[in-house]
Amino acid sequence: MAPPGQLLPLARSLLPLSAPPFVSGRRRRLPTLVLGRALPPPTWLPHGRLSPAHPLPFAPPRRLSRPPPPATSLPGASPGGGAEAQAVLAEFVTSERVKVAAMLGLALALCNADRVVMSVAIVPLSQAYGWTPSFAGVVQSSFLWGYLVSPIIGGALVDYYGGKRVMAYGVALWSLATFLSPWAAARSLWLFLSTRVLLGMAEGVALPSMNNMVLRWFPRTERSSAVGIAMAGFQLGNTIGLLLSPIIMSRAGIFGPFVIFGLFGFLWVLVWISAISGTPGENAQISAHELDYITRGQKLVKTQSGGERLRKVPPFSKLLSKCPTWALISANAMHSWGYFVILSWMPVYFKTIYHVNLREAAWFSALPWVMMAVLGYVAGVVSDRLIQNGTSITLTRKIMQTIGFVGPGVALLGLNAAKSPVIASAWLTIAVGLKSFGHSGFLVNLQEIAPQYAGVLHGMSNTAGTFAAILGTVGAGFFVDRMGSFRGFLILTSLLYFSSTLFWDIFATGERVDFDGTG
């Protein structure tokens with residue numbers, strides 16, 4: 001008798017032909033033995049009789065001419081019927097690759113929650129220690145000092161060791177830095193700043209690791225959606241940090257959120273190590289159908305091992321000699337400029353311009369990140385659908401990035417003219433929400449132009465983005481000190497958005513670039 005959950009070949013043929021190929025869970029092989037002997041193919045004799053080798057007491061099923069069911073397609077695509085569409089969606093939601101995307105989203109949520117705590121804590125800390133806005137900008141930028149170089153190193157480590165291992169070490173290290181912040185602050189300002197630098201160093205590996213895991217786990221037609229899921233967690237981390245930090249501070253002191261978020265990071269590492277594998281082929285729980293679907297739908301870079309591993313020193317000169325690389329660097333720099341200026345200064349902006357209290361300022365600053373999480377996933381699905389419907393990858397990336405830059409540029413001009421905190425929050429929500437379309441532009445493009453160097457290329461562009469973020473974060477503080485207002489700085493940021501859009505649309509491509517050859 002066949003083991004439970006397996007079907008004999010004859011019984012399997014009796015299943016309806018419309019049954020999806022993923023009805024079984026784990027990978028299984030059909031039984032080759034029945035009652036201890038091999039089961040040869042049945043020989044059908046005329047007049048519906050069976051050969052002696054198969055004395056079964058019923059007539060064979062009639063052969064139907066219906067074609068086999070279609071292969072699984074991207075979630076949201078339009079299969080032949082409603083039942084098949086529901087089956088495809090159910091398979092996607094319960095698949096191993098979605099678990100990977102969800103865990104990546106949680107890691108990025110913790111990444112931003114640990115980062116954004118300082119945006120709220122800077123207000124009471126400045127009041128307690130008498131910091132000026134310019135010095136507060138320096139304190140907030142201390143995270144970026146560590147973040148400056150680590151994406152390049154982290155990207156190279158990701159390309160060499162894989163995203164699972166590097167992400168685990170990164171989350172453990174930045175959670176430790178967050179957890180130790182109260183202890184460091186009780187001793188000296190410089191020690192406290194050192195924990196923020198360590199936080200930035202560790203968080204520099206997060207996005208390269210995410211990109212590497214998406215590259216390994218998702219076919220090309222699902223990568224925008226996967227990045228959308230992961231980056232939704234990234235933005236929800238902003239919301240969680242901004243909304244919960246004032247509440248926790250009111251009950252556990254200024255450094256309460258640092259301790260709580262640090263502990264959650266340690267818990268995430270335990271789950272990640274035990275439940276997630278580095279590649280689909282290493283996963284014991286993945287079904288044969290899902291493994292085949294992933295490998296057929298992507299162009300994977302082979303897992304590097306031994307002599308096959310990538311060179312320890314990436315070809316930086318070759319990478320920097322191509323215009324698509326500079327398009328990515330420019331886009332990442334502008335994205336980081338706008339992102340960190342909004343993330344770091346909006347609570348202060350609402351408190352100083354509209355004179356609201358800290359908790360209200362946090363609420364006004366948090367709402368846009370919820371919109372960014374939602375629209376980021378929507379942008380991913382739309383981007384994948386455009387590619388499925390025949391739009392070129394290059395044009396798709398340019399459309400997404402244009403929306404992600406022109407939208408915030410226009411919205412910041414509206415924010416500049418707002419007369420109330422509610423209107424200002426609405427414009428800010430539009431700016432941050434549309435900004436998420438860039439995740440389906442430059443952020444996915446890293447995997448497309450150089451899959452074998454996606455980690456280090458992400459690190460290079462991220463370092464440029466960190467320079468821009470430091471300049472923007474510190475520059476905003478000095479601008480307010482000198483000019484007494486944020487308004488001129490917002491106009492400057494809008495102009496930078498528009499110029500970066502033009503540069504991207506001229507030089508970006510969605511095709512693979514030859515970084516190893518002589519071309």
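Scroll up to find the structure.
Because the structure is a prediction, the values reported are computed rather than measured. (Residues numbered from 1 in each chain as written. Predicted model: local features only at pLDDT ≥ 70, side-chain atom pairs only at ≥ 80, totals over all residues. Heavy atoms only, no water.)

Peer 1: For this particular structure, what's the right way to read the overall build of the protein chain?
Peer 2: A tally of regular secondary structure across the protein chain gives 20 helices and 2 strands. Counting only contacts in the protein chain whose residues sit at least 6 apart along the sequence, the fraction spanning at least 24 positions is 83%. When the accessible surface of the protein chain is split by element, carbon and sulfur atoms take 68% of a total near 22900 Å². (Helix = DSSP H or I, 4+ residues; strand = E, 2+ residues; numbered from the N terminus. Contact = heavy atoms within 4.5 Å. Areas by Shrake-Rupley, 256 points an atom, 1.4 Å probe, with all protein chains shown as cover.)

Peer 1: Sorry if this is basic, but what is going on with the packing of helix H9 (residues 206-217) against helix H18 (residues 442-449) here?
Peer 2: The description of two packed helices rests on the angle between their axes and on the distance between the axes. Packing of H9 against H18 leaves a shortest axis separation of 11 Å and a crossing angle of 60°. Considering their axes alone, H9 and H18 lie oblique with respect to each other. Helix-helix and strand crossings are classified by hand; for H9 and H18 the assignment is right-handed. Residues Met210, Asn211, Val214 and Leu215 of H9 form the contact with H18, whose participating residues are Leu443, Leu446 and Gln447. Taken together, the residues of the contact of H9 with H18 break down into 5 nonpolar, 2 polar and no charged. (Axes fitted to C-alpha atoms, helices over the stretch in contact; angles between N-to-C directions. Parallel < 35°, antiparallel > 145°, perpendicular 65-115°, else oblique. Left-handed = near helix turned anticlockwise from the far one by under 90°. Nonpolar A, V, L, I, M, F, W, Y, C, P; charged D, E, K, R; others polar.)

Peer 1: For this particular structure, what's the right way to read the environment of Ala168?
Peer 2: Tracing the backbone shows Ala168 in helix H6 (residues 163-179). Sequence separation of Ala168 and Val269 is 101 residues, and the distance between their C-alpha atoms is 5.8 Å. Apart from residues lying up to four places away in sequence, Ala168 is in contact with Val269, Trp272 and Ile273.

Peer 1: What is the right way to read the environment of Leu502 from this model?
Peer 2: As for its position among the elements, Leu502 is in helix H20 (residues 487-507). Residue classification places Leu502 among the exposed positions, given a relative accessible area of 55%. (Buried < 20%, exposed > 50% of the residue type's maximum accessible area, 1.4 Å probe, protein only.)

Peer 1: Just to check I follow, could you spell out the packing of helix H3 (residues 96-129) against helix H11 (residues 256-275) for this structure?
Peer 2: Contact geometry of H3 with H11 gives a least axis separation of 10 Å together with a crossing angle of 165°. Taken together, H3 and H11 sit at an angle that is classed as roughly antiparallel. In this structure, H3 meets H11 at a crossing whose hand is left-handed. Two secondary-structure elements touch here, H3 through Met103, Leu104, Leu106, Ala107, Leu110, Ala113, Asp114, Val117, Met118 and Ala121 and H11 through Pro257, Phe258, Phe261, Gly262, Phe264, Gly265, Trp268, Val271 and Trp272. Taken together, the residues that form the contact of H3 with H11 break down as 16 nonpolar, 2 polar and 1 charged.

Peer 1: For this particular structure, what's the right way to read empty space enclosed by the protein?
Peer 2: Over the atoms, a rolled probe matching the size of one water molecule traces out where space is still vacant. The tally for this structure, following the rule as stated, stands at 3 cavities of 30 Å³ or more. Its boundaries defined by the atoms lining it, the largest cavity holds a volume of some 150 Å³. Leu207, Phe234, His335, Ser336 and Asn462 are the residues nearest the centre of the largest cavity, which is lined by 15 residues in total. Every element with two or more residues in the lining of the largest cavity is listed here: helix H10 (223-252), helix H14 (323-353), H18 and helix H19 (454-483). No other element matches H14, which puts 5 residues into the lining of the largest cavity. Partitioned by chemical class, the residues of the lining of the largest cavity number 8 nonpolar, 6 polar and 1 charged. (1 Å grid on protein atoms, 1.4 Å probe; cavity = no way out; pocket = protein on both sides within 12 Å on 5 of 7 lines; lining within 4 Å. Points joined across faces, edges and corners; volume = space filled by probe spheres on them.)

Peer 1: Help me out: how do you make sense of the pattern of salt bridges in this one?
Peer 2: In a structure, side chains of opposite charge can pair up when their charged atoms sit close to one another. In the structure shown here, the tally under the stated rule is 4 salt bridges. Measuring nitrogen to oxygen at the nearest pair gives 3.2 Å for the salt bridge that ties Arg115 to Glu203. Taken together, the positions of Arg115 in helix H3 and Glu203 in helix H8 (residues 189-203) put the pair 88 residues apart, joining distant regions of the chain. Like Glu203, Arg115 is buried. Between Arg397 and Glu448 there is a salt bridge; the shortest N-O distance is 2.6 Å. Taken together, the positions of Arg397 in helix H16 (residues 393-417) and Glu448 in helix H18 put the pair 51 residues apart, joining distant regions of the chain. Accessibility assignment for this pair places Arg397 and Glu448 in one class, buried. (Salt bridge = Lys/Arg side-chain N within 4 Å of Asp/Glu carboxyl O.)

Peer 1: In this structure, what is going on with H20? I would like to understand it.
Peer 2: Residues that lie three or four places apart on an α-helix share one face, since the helix turns once every 3.6 residues. Look at H20: 31 Å from first C-alpha to last across 21 residues, which is about the 30 Å you get at 1.5 Å a residue. The set of residues buried in H20 consists of Phe489, Leu490, Thr493, Ser494, Tyr497, Ser500, Thr501 and Trp504. Mapping the buried residues of H20 onto a view down its axis gives an arc of 145°, with all of them on the same face. Set apart from the buried face of H20 by more than 90 degrees, the exposed residues are Leu495, Leu502 and Ile506. Residues of H20 that are buried make contact with H14, H16, helix H17 (421-435), H18 and H19. (Expected span 1.5 Å × (residues − 1). Arc of directions from axis to C-beta.)

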